[in-house]
Amino acid sequence: EAAADAAEGVESAPDDRPKLDLPTVKMDPKKAFDMFFVLALVWSFGGNLQGESRAKFDAHVRPLVTAVIPEFPSEGTVFDYFVHKKSLTFVNWVHKTPGFTYRRELPYFSILVPTTETTVLRTLLSYLLGVGRHVLVNGPTGVGKSQVMSTFLAEVLRANQADSSFDSFDLSFSAQTSSRNLQERMETKLTKKKAALLGAPANKKIIFFIDDLNMPALEEYGASPPLELLRQVLGQGGFYDRKKIFWKEVIDLTVIAACGPPGGGKNEMTPRLTSQFHMLCFPTLPESSLLKIFRSIMAGFLSIFPREVRKLSQTLVDATVKVYSTFLAEMRPTPSKSHYTFNLRDLSKVVQGILMITPENCQDRGTMVRLWTHECSRVFHDRLTTTADRNWWWALLKRILADQFALEWDDSFASLMFGDFVDRDDMRYRAVPRVSMLQDVLAEYLMSYNVCFNKEEDLVFFEDAVFHLSRICRILRQPRGNALLVGVGGSGRQSLTRIAAFMADMKLFTVSITRNYGIAEFREDLKRVLLDAGCDDKPVVFLFSDTQIAKEQFLEDINNVLNTGEVPNLMQTEDFERILTSVKEKAKVAGKPETREGVVGYFVHLCRENLHVVLAMSPIGDKFRTRLRMFPSLVNCMTIDWFDKWPEQALLSVARRFFEKATFEKEALKNAVCQMCVEIHSSVGLTSTDFFNELRRHNYTTPTSYLELLNSYLVMLDEQHTSLSEQTARFQGGLDKLVQTGNMVAEMKAELANMQPVLEQAAKETDALMVQLEADQKVAAEARAICVKDEKDCQVIMDEASAIRNDCQADLDKAMPAFYAALKALESLNKKDIDEVKSFATPPDKVKLVMDAVLLVLKEKPGWDTAKKVMSDTGFLARLQTFDKDNIPEALQKKLQVYITNEEFQPEIIRKTSTACMSLCMWVRAIDNYAKVTKNVGPKKEKLKGAEAKLNAARAQLLSKQQDLATIEAKVAKLQRDFQASIDKKKNLEAEMKTTELRLDRAGKLVNGLADEKVRWDESVKTLNGSKAALVGNMLLAAGAVAYTGPFTSKFRKSLMATWVKRCTALKIPVDPDFTLERLTEPVKVRAWGLKGLPLDSFSIENATIASRTRRWSLMIDPQGQANQWIKNMERDKSLKVIKLNDTNMLRTVENCIRVGIPVLLENVGETLDPSLDPLLQKQIFRQGGRTLLRLGDTDVDYDPNFRFYITTKLPNPHYMPELQIRATIINFTVTPKGLEDQLLVDVVRFEREELEKQKDKLVVQIAEGKAQLKATEDKILTLLQSASGNILDNEVLINTLAQSKKTSGEISADVETAEKTSAEISTAREGYRPVATRGSLIYTVIANVGAVDHMYQNSLQFFKKLFGQTMERTPRADELEQRISALITAITADTYATICRGLFEKHKLLF
């Protein structure tokens, strides 16, 4: 009865639900009991059945049901009916299904179209949860189980609402879910009622929804710990505390769960667990239900579109369902296509894509059909991996377009593109007319991106790249749009994602892997991303690649984020406080409850809407398939975009972009080089397949390898062109100097013959000039004596005049201070002071006295009236100051004495009466004083005038005599200059003759001494010019070898090189047919490598050349340890640091070495490297504040350009993924038979004739050093010749240095020749022992390959060499070499055979 009431409550639905006219009858308890018993019988025993099983169940149960209730409907099956309580009749579920009204404002993921299946499940859940039963719903992936159950909790039970009696929480299981995860989730969400009692909040029950229940991986004994813990909770009502081991009881908890059928990562569940649940099956929706759902949505959405578009609503859905059904039937997953799993989510994604268009951008039927084609292609086509599958897709699309839309196929359908990035001012989803029109738009986006970020992206937007970029942009613009980008490393997945996020104006976040980066650090990063997406309500892109998966549990958390938008136990108390503060207002606006649970729930909703997870994964190896199986959300909740290898057209366009600024002789040659780059890349891919088929060795070609080829080619071409030009210039410069010197010899001999008569004539002219010079010098001496006497007389007159002038000035100096003081006193007066004096009607006597004196001086009539009149003049003071003091009449001076001699006419006395009159008094007295002095000075001035006239006359006479003297001395000076010039000419002629003789001597030394060099230099110039002609092709081969051939063995390298040479010739690219990579390295450097332990076979030299030329760090496959030892010897003087991946301070050591430029050797690595080294491997160097930095982990390290990083592995045949191959250059340093033969020959000779080997070693060093000295000496000679300025024959030091260098060169050449002769004799003696070394090399090659039979049969080279040496010691010696050789060969073969056989399993002994 309680269950029926619960069901009746669910029955209330919108008014548009189909209605039945059923009468209400009186309740018959027996009949009602029987009817509900039948309903319970059907859904208890048959609830977990589907398809044909339901039909069989109906056939078996219907007779039993009709026996109890004869009026049970005969149509359909027993599963088609429910009990209508009021009328006590069985009614078809169709009549209980609510109607649907499309609401445009609802987010897409909030739309739920009711169907019969969803109505049945919701009703049954109401029955079962009403009585507290646990429910497990199973069914195929993608049919909507989780959506229906989540909606049921939110809408029917209204869980987590304040007025509801239910709370709920959920958890999505994955393969990595542990029992701890489950227990922590329950402990976090359940309320702690007592110390050992957990349950729901007061007056509530709590529902725990578990999705993908059967996903957790089984442990080694076949059990699933989280499921066993759940069984314990359901069966025994609790679990144990993990720390203190006490029992915790759980009450008021009901579990509802969803799961899929076993397979594809999902496991069988034990009956012990399933017995705790009521099992229900949510079957695959029939096509009628699918059509109803999506027709309802499509019709509602298109209701505002033009009529011809609206008419397509049903056709669009029918065509989409047809595509979906066809894929389900024909595109089945396989081991290589494990992501070919399709469910209703894919069907839903197509409709979601169509819903992004607006009426303004879709005005006709054709646009809508093209949009549908585009969206179907994005969902279904983009995950297809092979050309055959894609051709199948286009054929299917062609057929559906014809059947459903009556349209013929148009090739443009294969390249349709819709996006919101065409116009930055109008970001609406619309069709892109032409892909070509996007080039400028994307280039503008890229330029803006590079301006905004330190790390620049240098992308070429070829057609495939544009398509992938548009697909990523499409995914990011969708709510809950997550992308799984599948492709080999270096295909552009991450770069395009960064650009797409920038174009969508979204913040992009990616993790920085450090050495100790683990679960805690990853969760902190994930928390930061979720808080940004939820609290700030802004879209965030989380970019994560498989190379960053340090622990598989990272994917467990991402799986949870994709499923539910949250990670259990991720947020702490302070995080929840931030969430509540930031999201509460947003939740209120959205109409969500303002409770803690409501706000947190809305935060999770925002995280799902705003967070866009982009995973970049590689399909290579088993991990990709395993991860998809273990974490189904990677397929179900993400849109897959499969990145193919770059097509040839893309490779060609990238090459053209790289070479657009490069200089070639002809445009045709540039095009040929671009085409050759494409063919090199393609040929390596084909050769890699043969390499694997023949030797089971893996090698991958990636776009990064191609970019390395292009970059290396440009660098090598420039370096070699510069190097050849410099070498040619040096040799040519030396030749030019020698030719120039030879030409100068004949000229100098002719000059010597012409110089002799000129020298004799110069001597005669010098003697004549000497006689004339002596006569003129005597006349000049006499004139000079007369001038000296006149100068003395003139000086006497000048002294007398100066004495008179000084006397006059002294008298004047006595009068001037008083006069200046008077003037200063006048300057202190102003109009007010004068007015004060004028104001006296009857002036005091002293005032009258002063004014009378002033009037006398001014030659005015005495009297007070006159005085006032004079003072009234505005220029009165100026008149006094400018008074002509030098022309005072003597009569005036006498009259003035009356006042001067008056005792009352003193300034100090006058001051007592008037300050102004005091100043006037001072002025009168100063005038008087000056007049007296002037009177005394007058006669002296007259005397001064006479003296000065006499002085002027004397000076004029002296000047005339001085001019005569100057004329005479000028004549003498000219004679002296002519005489000196004649002497200098004579000396210069003598010196020139001597210099010419010396030059002739030096020229002979130079020409004769460098005669051999001239011939050699001439040949070198011709050779270098020939190399220049083939430089374009040779460097192309070299760049290809450096970029691609490292992992290959010698055989495959030669095959590739021969293929490339042939193709270069066909494309008319100049190339040397015999070119080898060894040419890139100078012989001196090769010999230096040999001295450091490098085997000097061609294969090893190629390896060393690749290591020294590659732009990436080298990872050397070195099972015999040769490369390891060579690097240690080579870098020992630079303080090489040797580290291993398991060193605790590995990253710290690397940081320190990067700062100071010390080389580092990372040895004994496996098939993967620590992700924290990725920034170093990728050389993510940037400049900031004038510093060159590398971000390693969470630290910015100053980068020293002298830093070098080497990596070695002892694995004989490692399988390196493309993601590692794009970061490092793989070089196969496995010992070659020839190289091993040479090593064993050394061991044999050292044992048999130790002194011979020591002498050989000594001679090798001597020859290497000698040739290095010869090279250095030749370089010195050329440098001296090239740097010589002016006439080289004048540089005696240079000629002597050249002669000494030539002498030294000759001595060294003789020593080297002798040493080489001796070495050849020793080599001949050593060759007698080569058969032993050859046999040893052959035997090791055999036993090294035994490991292919069983991995236990691993024999190191060190072990074999030790066995080889012990065998030689045990073998009896013989007098004859042939007998000794035969005995050694026999003994080594027998001992090795016996030793290896002892370690073989019994089943393999016959094989060996």
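What you see is a predicted model; the values in this text were computed from it and never measured. (Residues numbered from 1 in each chain as written. Predicted model: local features only at pLDDT ≥ 70, side-chain atom pairs only at ≥ 80, totals over all residues. Heavy atoms only, no water.)

## Comments concerning the overall build of the chain
- Each helix and strand counted, the chain has 49 helices and 26 strands in total.
- By the burial criterion, 50% of the 1408 residues in the chain qualify as buried.
- Of the contacts formed within the chain by residues at least 6 apart in sequence, a portion of 76% connects residues at least 24 apart. (Helix = DSSP H or I, 4+ residues; strand = E, 2+ residues; numbered from the N terminus. Buried < 20%, exposed > 50% of the residue type's maximum accessible area, 1.4 Å probe, protein only. Contact = heavy atoms within 4.5 Å.)

## Some thoughts on the pattern of salt bridges
- Summed over all chains, the structure comprises 54 salt bridges.
- Here arginine 474 and glutamate 375 are joined by a salt bridge, their closest N and O atoms 2.6 Å apart. A residue pair is termed long-range when its members are at least 10 positions apart, and arginine 474 in helix H16 (residues 463–476) and glutamate 375 in helix H13 (residues 365–379) qualify at 99 residues.
- Taking relative accessible area as the criterion, arginine 474 reaches 3% and is therefore assigned buried.
- In the salt-bridge network here, residues are joined through shared partners; they are Glu360, Asp423, Asp426, Arg428 and Arg430. (Salt bridge = Lys/Arg side-chain N within 4 Å of Asp/Glu carboxyl O.)

## Focus on the packing of aromatic side chains
- By the definition in use, this model includes 48 aromatic pairs.
- On the numbers, 5.0 Å between centres and 35° between planes, the contact of phenylalanine 82 with tryptophan 93 is tilted. A residue pair is termed long-range when its members are at least 10 positions apart, and phenylalanine 82 in strand S1 (residues 81–84) and tryptophan 93 in the loop between strand S2 (89–92) and helix H4 (116–130) qualify at 11 residues. Of the two residues, phenylalanine 82 and tryptophan 93, both sit in the buried class.
- Taken together through their ring pairs, the aromatic side chains of Phe327, Tyr340, Phe342, Phe380, Trp392, Trp393, Trp394, Trp409 and Phe413 make up a single cluster. (Phe/Tyr/Trp six-rings, centres within 6.5 Å; stacked < 30°, edge-to-face > 60°.)

## Overview of the nonpolar core
- If you look at the biggest cluster of nonpolar residues, it comprises 97 residues, and the most contacted ones within it are Met368, Trp372 and Trp393.
- Ranked by size, the runner-up nonpolar core spans 80 residues in total, among them Met186, Val255, Leu580 and Val613. (Core = buried A, V, L, I, M, F, W, Y, C linked by side-chain atoms within 4.5 Å.)

## Side note on the sheet that holds strand S22 (residues 1181–1184)
- Pairing within the open sheet is antiparallel, and its three strands lie in the order S22-S23-S24. Two strands bound the open sheet, and with one partner strand each, they are S22 and strand S24 (1195–1198). Strand-to-strand twist of the sheet, defined as the mean angle between neighbouring strand axes without regard to direction, takes the value 45°.
- Relative to strand S23 (residues 1187–1192), S22 runs antiparallel, the two sharing four bridges. Bridging across to S23, arginine 1183 finds its partner in threonine 1188. (Pairing = 2+ DSSP bridges. Axes fitted to C-alpha atoms, helices over the stretch in contact; angles between N-to-C directions.)

## Comments concerning the environment of proline 843
- Of note, proline 843 is situated in the loop between helix H27 (831–838) and helix H28 (845–857).
- Along the chain, proline 843 and tryptophan 864 lie 21 residues apart, while their C-alpha atoms are 7.7 Å from each other.
- Once residues lying within four places of it in the same chain are set aside, the contact partners of proline 843 are Lys848 and Trp864.

## Concerning the side chain of glutamate 1102
- Counting through the fold element by element, glutamate 1102 comes out in helix H38 (residues 1098–1109).
- Dropping the residues within four chain positions of it, glutamate 1102 is found in contact with Arg1053, Leu1077 and Glu1078.

## Some details on helix H35 (residues 1031–1044)
- With 14 residues, H35 extends 20 Å from end C-alpha to end C-alpha; this agrees with the ideal 20 Å at 1.5 Å per step.
- Along H35, 14 of the 14 residues are buried, which leaves the element largely enclosed by surrounding structure. (Expected span 1.5 Å × (residues − 1).)

## Thoughts on the pairing of strand S26 (residues 1224–1228)
- Counted residue by residue, S26 has five buried out of five residues, so it is predominantly covered.
- Side chains of S26 alternate between two faces, with Ala1224, Ile1226 and Asn1228 and Thr1225 and Ile1227 buried alike.
- The pairing of strand S19 (residues 1113–1117) with S26 spans five bridges and is classified as parallel. Looking at S26, one finds that serine 1114 is bridged to threonine 1225.

## Section: the pairing of S1
- In this structure, S1 lies alongside S2, joined through four bridges in antiparallel fashion. Paired with valine 83 across the bridge in S2 is phenylalanine 90.
- Two successive antiparallel strands, S1 and S2, enclose a turn made up of four residues, where leucine 88 displays a positive phi of approximately 50°.

## So, the state of the cysteines
- With the rule as written, the count across this model stands at zero disulfides.
- Among the cysteines around cysteine 1064, which has no disulfide bond, cysteine 677 carries the closest sulfur, lying 9.1 Å off.
- Of the residues examined, cysteine 1064 reaches a relative accessible area of 0% and is grouped as buried. (Disulfide = S-S within 2.5 Å.)

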